[in-house]
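# A structural walkthrough
Given next are the chains, with one letter for each unit.
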Amino acid sequence: MHIIITDAWLARSQALHLNGLKLLAAGALGSLVLMLGAVATYHWVFLQGVRQGWPGFESVARVVTQGDVNAQNLYMRENLDAMARKLGEMQARMLQIESLGERVAGLAGLNPADFKVVPGAGGALVGSRTLTMEELNQAMGQLDVASGSRVDWLMAVESRLFDQAIQRALVPTEEPVKGGRVGSPFGFRIDPITGRSALHTGLDFPGDVGTPIHAAAGGVVVVQEYHHAYGNMVEVDHGNGLITRYAHSSRVLVKKGDIVKRGQKIAEVGSTGRSTGPHLHFEVWFSGVAQDPQRFLAAGDNLAAAEQLAQKTRKP
């Protein structure tokens, strides 16, 4: 009998314990639902009050959103400061480009003052402040104008240097026989065949048969023929009335109409035509008048020496 009563009491206790857990869980769930409902109702009422302009809600909205506004202002200020620093770096780089451009313009024969649009500025730094958006936009606009001017300037410098390079390439300043000595200069001399005084219209470069003959400048071959006096002859037109002539060749490697580059091998030394021995007879003509080729070759030597000196000066 005692055992039966005890079992019944345990069963009743377990049932009450389970019912208590269910009630506790139900209460917690109900509290959560009530809390979520209250939050949703608060937000709905708050948003409606702000949108509809209900009395008292505008000041509450300002207080609530003040933190977001401050955060946005701080973010914008940090971005403005970063952009201002980057603008300062770009302005410093523009000054370096301008200084370099002035030096290059001097080499090109241009006056840097003709392209200088941004005046010099400086002074002691007394105080500084953060740039406003309007000031930053204005500085960016000035930098854009300055950069456009620098681009135009550098393009002009490039064009001038390109023209100068072309002109140098078309002026016969390259030795037609590398390292060759001049046998007979330009001017009046005793003719080696007749023994009488006669005008020698070029330079003679003695050499072995087959010695390479190089173009003294770039141009177009306008004559390639056998001449009774000049033998195997080549004439190269360099433009602007300049023509070079290469005579007495044993072999010619170009033909009429060919475009040749400065220093290109165009023939080989020989003794064809009116000649007493293997050599190159080299002439320079300007507007139909024979010129002393030595003046052109000397100018090329001086230019090469000046370029070598400039390279040594630029080295640290």
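Above: the structure in question.
Residues numbered from 1 in each chain as written. Predicted model: local features only at pLDDT ≥ 70, side-chain atom pairs only at ≥ 80, totals over all residues. Heavy atoms only, no water.

### A word on the overall build of the chain
Tallying secondary structure elements over the chain gives four helices and twelve strands in all. Counting over 316 residues, the chain shows a buried share of 25%. Residue pairs at least 24 apart in sequence account for 65% of intrachain contacts in the chain once pairs closer than 6 positions are excluded. Counting every atom, the chain has about 21100 Å² of accessible surface; 62% of that belongs to carbon and sulfur. (Helix = DSSP H or I, 4+ residues; strand = E, 2+ residues; numbered from the N terminus. Buried < 20%, exposed > 50% of the residue type's maximum accessible area, 1.4 Å probe, protein only. Contact = heavy atoms within 4.5 Å. Areas by Shrake-Rupley, 256 points an atom, 1.4 Å probe, with all protein chains shown as cover.)

### Overview of the side chain of Ser-249
Within the fold, Ser-249 resides in strand E7 (residues 242-249). Leave out the neighbours within four places in its chain, and Ser-249 touches Ile-213, Asn-232, Ala-267, Glu-268, Gly-270 and Thr-272.

### Focus on the side chain of Thr-201
For Thr-201, the position within the fold is in the loop between strand E2 (197-200) and strand E3 (203-206). One polar contact links Thr-201 to Glu-283, side chain to side chain, over a distance of 2.6 Å. If we skip the residues at most four places from it in the chain, Thr-201 touches Phe-186, Tyr-230, His-281, Glu-283, Ala-290 and Gln-291. (Polar contact = N/O pair within 3.5 Å; in protein donor to acceptor, adjacent residues only side chain to side chain.)

### Regarding the sheet that holds strand E10 (residues 265-268)
Read from one edge of the open sheet, three strands run E4-E10-E8, paired in antiparallel fashion. Both outer strands of the open sheet, strand E4 (212-214) and strand E8 (251-252), are each paired with one neighbouring strand and no more. Sheet topology places E8 next to E10; two bridges connect them, and they run antiparallel. Counterpart to Val-252 in the pairing with E10 is Ala-267. (Pairing = 2+ DSSP bridges.)

### Observations concerning the pairing of strand E6 (residues 231-239)
Judged by how many residues are buried, E6 sits mostly within the fold: seven of nine residues are covered. In sequence, strand E5 (residues 219-227) turns back onto E6 through a hairpin of three residues. When E6 meets E7, the two strands line up antiparallel, connected through six bridges. If you follow Val-236 over to E7, its bridge partner there is Thr-244. Between E6 and E7, which pair antiparallel one after the other, the connecting turn spans two residues, and Asn-240 there sits at a positive phi close to 55 degrees.

### As for the nonpolar core
For soluble globular proteins, nonpolar side chains are generally found buried alongside one another. Within the largest apolar cluster, 21 residues are counted, with the highest numbers of intra-cluster contacts made by Tyr-246, Ile-266 and Leu-280. Of all elements in the fold, only E3, E6, E7, E10, strand E11 (279-286) and helix H4 (293-314) reach the threshold of two or more residues within this core. Take this core: its biggest share by element is three residues, from E11. The next biggest cluster of nonpolar side chains, apart from the first, holds six residues, and it includes Leu-136, Ala-139, Leu-143 and Ala-146. (Core = buried A, V, L, I, M, F, W, Y, C linked by side-chain atoms within 4.5 Å.)

The values reported here are purely geometric and, on their own, carry no functional implication.
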